[in-house]
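# Examination of the molecular architecture
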Amino acid sequence: MVHAKLAPAVADALNSGGAVVALESTLIAHGLPYPDNLQVAKQLESDVENNGAVPATIAIIDGEIKVGLNESDLEKIAQGAEIRKIGPRDLPAVISKKESAATTVASTSAIAHSVGIKLFATGGLGGVHRDANLSFDESADLTTLAQTPIAVVAAGVKSILDVLATLERLETLGVLVIGYQTNVFPGFYQTESGIDLEWRFDSAAEIANLIKTHSSLSTQSAIVIANPVAKELELPKKLHDDVLATGMAAAKKAGITGKAATPFLLEFFHRETKGESLRVNIDVVRGNASLAAKIAAELSSSR
Ligand code: PSU
Ligand code: MN
């Protein structure tokens with residue numbers, strides 16, 4: 001990737017082998033409502049700093065790939081109802097048109113890896129949608145993670161997806177999935193999805209060592225570090241399942257498909273749970289940003 005503009009703190013840290021954590025902008029622009037999302041964007045950066053790493057929020061601003069955003073960039077993304085949500089394939093279009101855009105897990109990973117960032121924190125990954133056998137809707141997050149050696153901390157995949165099918169695809173695509181202090185794959189808004197994991201790691205140091213080993217083998221795919229939300233913070237199961245069922249029906253009725261599906265359902269959840277799911281979503285991403293920073297700090301200090 002060429003021509004990425006690095007914030008000074010990010011450039012310094014990368015040049016000196018310091019700890020850096022990439023953060024994405026789609027979850028700010030299209031996953032959370034304004035103005036809460038602006039506060040969350042700043043909070044995530046502080047969480048990364050407080051856990052020993054430099055935050056690098058990634059977005060496209062006026063046709064420029066930016067790694068590390070300033071105040072006005074963050075504001076632009078946060079207000080971005082009309083800001084596009086873009087995957088890796090869209091980069092040449094948005095850059096040549098000098099537009100601004102929010103990057104997904106896929107495009108954020110690709111950009112972060114290209115500038116040498118090893119850790120990335122998000123909320124929940126995209127994956128295989130429930131009607132994918134008919135719609136072919138599978139997130140570009142999966143195919144990008146198959147060819148991008150970066151470690152992504154996520155609370156599993158969004159529960160609006162077909163979780164089992166997504167895990168099957170991750171296996172096929174060669175993406176290692178490990179649990180942080182858990183044997184069960186997390187369920188985004190919930191601590192557990194009910195699906196067992198094959199690998200469990202219990203400390204940031206152990207995961208830093210895993211990442212070093214992964215690099216030494218020149219593996220070209222990503223590692224997903226599945227970090228569940230604490231049990232006492234999760235969305236109650238009945239509420240979750242009820243809202244999911246009505247949300248899927250509402251999306252179908254409104255003819256919502258493709259890129260719009262995830263933002264529509266997240267917003268539906270936030271509205272129907274009267275902000276409960278928003279609170280959980282924020283707890284989820286904050287927990288992931290903190291863990292990613294701890295791992296990045298371990299990785300940097302053990303060089
Ligand atoms: N995680 C969140 N909120 C989000 C997303 C992830 O907690 O809004 C975004 C990510 O940017 C992810 C995208 O890449 O949703 C997946 O969208 P799709 O299903 O259209 O590929
Ligand atoms: Mn999709």
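The sections below set out a description of the structure shown in this document.

Reading the values: the criteria
- Residues numbered from 1 in each chain as written.
- Chains lettered and ligands numbered in written order.
- Predicted model: local features only at pLDDT ≥ 70, side-chain atom pairs only at ≥ 80, totals over all residues.
- Heavy atoms only, no water.
- Helix = DSSP H or I, 4+ residues; strand = E, 2+ residues; numbered from the N terminus.
- Buried < 20%, exposed > 50% of the residue type's maximum accessible area, 1.4 Å probe, protein only.
- Phe/Tyr/Trp six-rings, centres within 6.5 Å; stacked < 30°, edge-to-face > 60°.
- Pairing = 2+ DSSP bridges.
- Salt bridge = Lys/Arg side-chain N within 4 Å of Asp/Glu carboxyl O.

As a further point, take unusual backbone geometry. Look at the link from Tyr 34 to Pro 35: it is a cis peptide, with omega at 5°. Tracing the chain through its elements places Pro 35 in the loop between helix H2 (26-29) and helix H3 (36-50). At Lys 98, a position not held by glycine, the phi torsion is positive, near 55°. Turning to its location among the elements, Lys 98 is positioned in the loop between helix H5 (91-96) and strand S6 (101-103). Residue class for Lys 98 comes out exposed when judged on its relative accessible area of 61%. If you check the backbone angles, Phe 136 has positive phi at about 60° while not being a glycine.

Looking now at the packing of aromatic side chains. Enumeration according to the criterion identifies 3 aromatic pairs in this entry. Each member of the aromatic cluster is reached from another via a ring pair, and the members are Phe 188, Tyr 189 and Phe 269.

This part takes up the pairing of strand S3 (residues 54-61). Within S3, 7 of the 8 residues are buried, leaving the element largely enclosed by the surrounding structure. Pairing analysis gives 4 bridges linking strand S2 (residues 20-23) to S3, with the strands arranged parallel. Bridge assignment links Ala 22 to a residue of S3, and that residue is Ala 56. For S3 and strand S4 (residues 64-67), the ladder comprises 4 bridges, and the chain directions are antiparallel. For Ala 59, the partnering residue across the bridge sits in S4 and is Lys 66. Counting the residues in the hairpin turn of S3 and S4 gives 2 residues, including Asp 62, whose phi is positive at 45°. Here S3 pairs with S6 via 2 bridges, running antiparallel.

Time to look at the pattern of salt bridges. Under the criterion given, the structure shown has 15 salt bridges. The salt bridge involving Lys 76 is made with Asp 62; its shortest N-O contact spans 3.0 Å. Taken together, the residues span a long stretch of sequence, with Lys 76 in helix H4 (residues 71-78) and Asp 62 in the loop between S3 and S4 at a distance of 14 residues. Given the relative accessible area of 33%, Lys 76 is considered partly exposed. Taking the relative accessible area as the measure of exposure, Asp 62 reaches 46% and is therefore partly exposed. A salt bridge links Arg 89 to Asp 90; the nearest nitrogen and oxygen atoms lie 3.5 Å apart. Relative accessible area serves as the criterion here: at 17%, Asp 90 is assigned to the buried category. Bridged by salt links that share partners, the residues Arg 89, Asp 90 and Lys 259 form one connected network.

From the geometry alone we can't say anything about function, so treat these as descriptive.
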